[in-house]
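Notes for the structure review
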Amino acid sequence: MTANAKLDVQESYYYDTVTGVLTIKKMNLDSYPLGVATTPWYTYRNSIQKVVFADTVTEISRHAFKNMSVKEVVVGKNITTIGKNAFQDSSLETITFSDSVTLIEESAFDGCNLKNVTFNEGLKTIEKKAFNEIETLQSVKFPSTLTSIGEKAFHNCDVLKSVEFGEGSGLT
């Protein structure tokens, strides 16, 4: 945090208006069932640059960052599920996955700006259209723990050049 930071500190998050870093302290899959406009950080949707999930968070809510300007995400070490449409059509370029992520739900990253994705060991399921329509995606590296990739999970990723599967993976 910078010396001139202006913080919006709430029970579930805090936001540094100078750096554009949003830190999420509380969330679950159904925190925002009515969509992104009901998130408490919606006011900052065009200025959020980075989202960091605290270790207290176990799930990233459905629709939580859909259509937002966020460019970078750091997934906390206890997150197991990334919800449906969580980052759909956002400006997301970089994500750091933790070993705890086991499920990526439908359309979670649909239409993002990711270039390279490396999943950590532990991931078991990628649901349909999870990474659909990512026109910038060039490479994907899957872990050996992955057991299921849903229909059209990487559909219309036209510049995808490199796909690697972890040693011992049953997928090809």
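Our subject is the structure listed above.
Residues numbered from 1 in each chain as written. Predicted model: local features only at pLDDT ≥ 70, side-chain atom pairs only at ≥ 80, totals over all residues. Heavy atoms only, no water.

1. Section: the overall build of the chain
- Scanning the chain from terminus to terminus reveals zero helices and 14 strands.
- Ordered by position from the N terminus, the helices and strands of the chain form the series β-β-β-β-β-β-β-β-β-β-β-β-β-β.
- Expressed as lengths along the three principal axes of its C-alpha atoms, the size of the chain is roughly 50 × 35 × 30 Å.
- Out of the 172 residues in the chain, the part that is buried amounts to 43%.
- Nonlocal contacts in the chain, meaning residues at least 24 apart in sequence, comprise 27% of its contacts between residues at least 6 apart.
- Of the roughly 8300 Å² of accessible surface on the chain, 45% is carried by carbon and sulfur atoms.
- Each charge sign in the chain was given a centre, from 17 positive and 21 negative side chains, and these centres are 4 Å apart. (Helix = DSSP H or I, 4+ residues; strand = E, 2+ residues; numbered from the N terminus. Buried < 20%, exposed > 50% of the residue type's maximum accessible area, 1.4 Å probe, protein only. Contact = heavy atoms within 4.5 Å. Areas by Shrake-Rupley, 256 points an atom, 1.4 Å probe, with all protein chains shown as cover. Lys, Arg positive; Asp, Glu negative; His and termini not counted. Charge placed at Lys NZ, Arg CZ, Asp CG, Glu CD.)

2. Thoughts on the nonpolar core
- Formed by 47 residues in total, the largest nonpolar core has its most connected members in Trp41, Phe65, Phe87 and Phe109.
- Counting only elements with at least two residues in this core, the list comes to strand 2 (13-16), strand 3 (21-24), strand 4 (50-53) and strand 12 (139-142).
- If we ignore the near neighbours within four places in the chain, the residues touching Phe109 are Ile82, Phe87, Leu92, Ile95, Phe97, Ile104, Leu114, Ala130, Phe131 and Ile134. (Core = buried A, V, L, I, M, F, W, Y, C linked by side-chain atoms within 4.5 Å.)

3. So, the sheet that holds strand 14 (residues 162-165)
- An order of 10-12-14 is seen for the three strands of this open sheet, with the pairing classed as parallel. At either end of the open sheet lies a strand with only one pairing partner, and these are strand 10 (116-118) and strand 14. Taking each pair of neighbouring strands and ignoring which way they run, the sheet shows an average axis angle of 5 degrees. (Pairing = 2+ DSSP bridges. Axes fitted to C-alpha atoms, helices over the stretch in contact; angles between N-to-C directions.)

4. Considering the sheet that holds strand 11 (residues 125-126)
- Ordered in space as 5-7-9-11-13, the five strands form an open sheet in which the pairing is parallel. Looking at which strands have only one partner, the edges of the open sheet turn out to be strand 5 (59-60) and strand 13 (148-149).

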